[in-house]
Structures are given as structure tokens and as C-alpha cells.
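# A closer look at the structure
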Amino acid sequence: MKLTHQQKLAALAYRFYQGASWEPKAEDYYTTSRADLEVYQVVSVENGVVRTRFTEGSDTVSEWPLDGFLTEGFGPKRVFIPPFIFDAYPSHQTQMTGEGQGNG
């Protein structure tokens, strides 16, 4: 899964302009504040550990301490992608294939 440029911009605006906070939970998606379109998913949050995975071609699960997940090291660079962003700004692939649109 990759973000579109509009989705990335909307997620960054949600975090930095609107000042939205985030407490990670299973199935949440996030990106980074760097200039890429990568997406990560929270697999689980339990026993003080956040487990995440990169969504493009890897089943590897990384583990991070919950206490510093958003505040230490790389933590402040994580940017939550609220579900409404995927709905409000569909991917180009969906638009190009005509999914969800009448064909006649």
C-alpha cells in the first residue's frame, strides 16, 4: 500500500496543522514526515509493546516500546493516517479502474 500525494498531505495537515493527537491501536495506519509515500500498520499494542509492519511486500513485524513510540528517537516523525483520509482522497488506482463508479 502506498499513499497518494494528497493523502500524505492530508495526514500531515491533520497532525501538524490541526494538532491532532494519536494513541496507537491495532489496525491503525501511519506514515512518516519524510518525503515518501510509505505506509505502516500497527499490528498490535499489548504489554507495553507496539508491533508494526511495513505494508509493501514484507511480513516482518517490528517491536517498539509503547512509552516512547511517539516521543523518542523516530517517534515524533510518525504521522497517523485517520481512516477518513483514505475515503476522502481515494487512490489513483481506484479512480483509474472505475471502482465504485457507474460504467454506463
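In the block above lies the structure referred to throughout.
Residues numbered from 1 in each chain as written. Predicted model: local features only at pLDDT ≥ 70, side-chain atom pairs only at ≥ 80, totals over all residues. Heavy atoms only, no water.

To continue, consider the packing of aromatic side chains. In this description, a pair of aromatic rings is defined by centroid distance and the angle of the planes. Under the counting rule described, the total for this entry stands at eight aromatic pairs. Residues Trp22 and Tyr30 carry aromatic rings whose centres are separated by 5.7 Å and whose planes lie at 45 degrees to one another, so their mutual orientation is tilted. On the numbers, 5.4 Å between centres and 20 degrees between planes, the contact of Tyr30 with Tyr40 is stacked. On the criterion of sequence distance, the pair formed by Tyr30 in strand E1 (residues 29-32) and Tyr40 in strand E2 (residues 40-46) is long-range, its members being 10 residues apart. Every member of this aromatic cluster is reached through a ring pair, and the members are Trp22, Tyr30, Tyr40, Phe54, Phe69 and Phe80. (Phe/Tyr/Trp six-rings, centres within 6.5 Å; stacked < 30°, edge-to-face > 60°. Helix = DSSP H or I, 4+ residues; strand = E, 2+ residues; numbered from the N terminus.)

Here Lys8 is to be found in helix H1 (residues 5-17). Those residues in contact with Lys8, other than ones at most four positions away along the chain, are Leu3, Thr31, Thr32, Arg34, Asp36 and Leu37. (Contact = heavy atoms within 4.5 Å.)

In the sheet, strand E3 (residues 49-54) pairs with strand E4 (residues 61-65) via five bridges, with the strands oriented antiparallel. Along E4, the bridge assignment pairs Thr52 with Ser62. Between E3 and E4, which follow one another and run antiparallel, lie six residues, and Gly57 among them has a positive phi close to 70 degrees. (Pairing = 2+ DSSP bridges.)

The first and last C-alpha atoms of H1 sit 17 Å apart over 13 residues, in line with the 18 Å expected at 1.5 Å per residue. Within H1 the residues assigned to the buried category are Gln7, Lys8, Ala10 and Ala11. Buried residues of H1, seen end-on, are gathered within an arc of 165 degrees and therefore sit on one face of the element. Along H1, the residues that are exposed and aim more than 90 degrees away from the buried face are His5, Leu9 and Tyr17. A positive backbone phi angle near 70 degrees is found at Gly19, which sits one or two residues after H1. (Expected span 1.5 Å × (residues − 1). Buried < 20%, exposed > 50% of the residue type's maximum accessible area, 1.4 Å probe, protein only. Arc of directions from axis to C-beta.)

Time to look at the sheet that holds E3. Two modes of strand pairing occur in sheets, parallel and antiparallel, and in both the strands are linked by backbone hydrogen bonds. As summarised here, the arrangement of the five strands in space is E4-E3-E2-E1-E5, forming an open sheet in which the pairing is antiparallel. At either margin of the open sheet sits one strand with a lone partner, and together these are E4 and strand E5 (78-81). When the angles between neighbouring strand axes are averaged without regard to direction, this sheet yields 40 degrees. Taken together, the six bridges between E2 and E3 define a ladder with antiparallel strand orientation. Note on E3: the bridge partner recorded for Gln41 is Arg53. Each of E1 and E5 touches H1; the most contacted strand, E5, lies at about 110 degrees to it. (Axes fitted to C-alpha atoms, helices over the stretch in contact; angles between N-to-C directions.)

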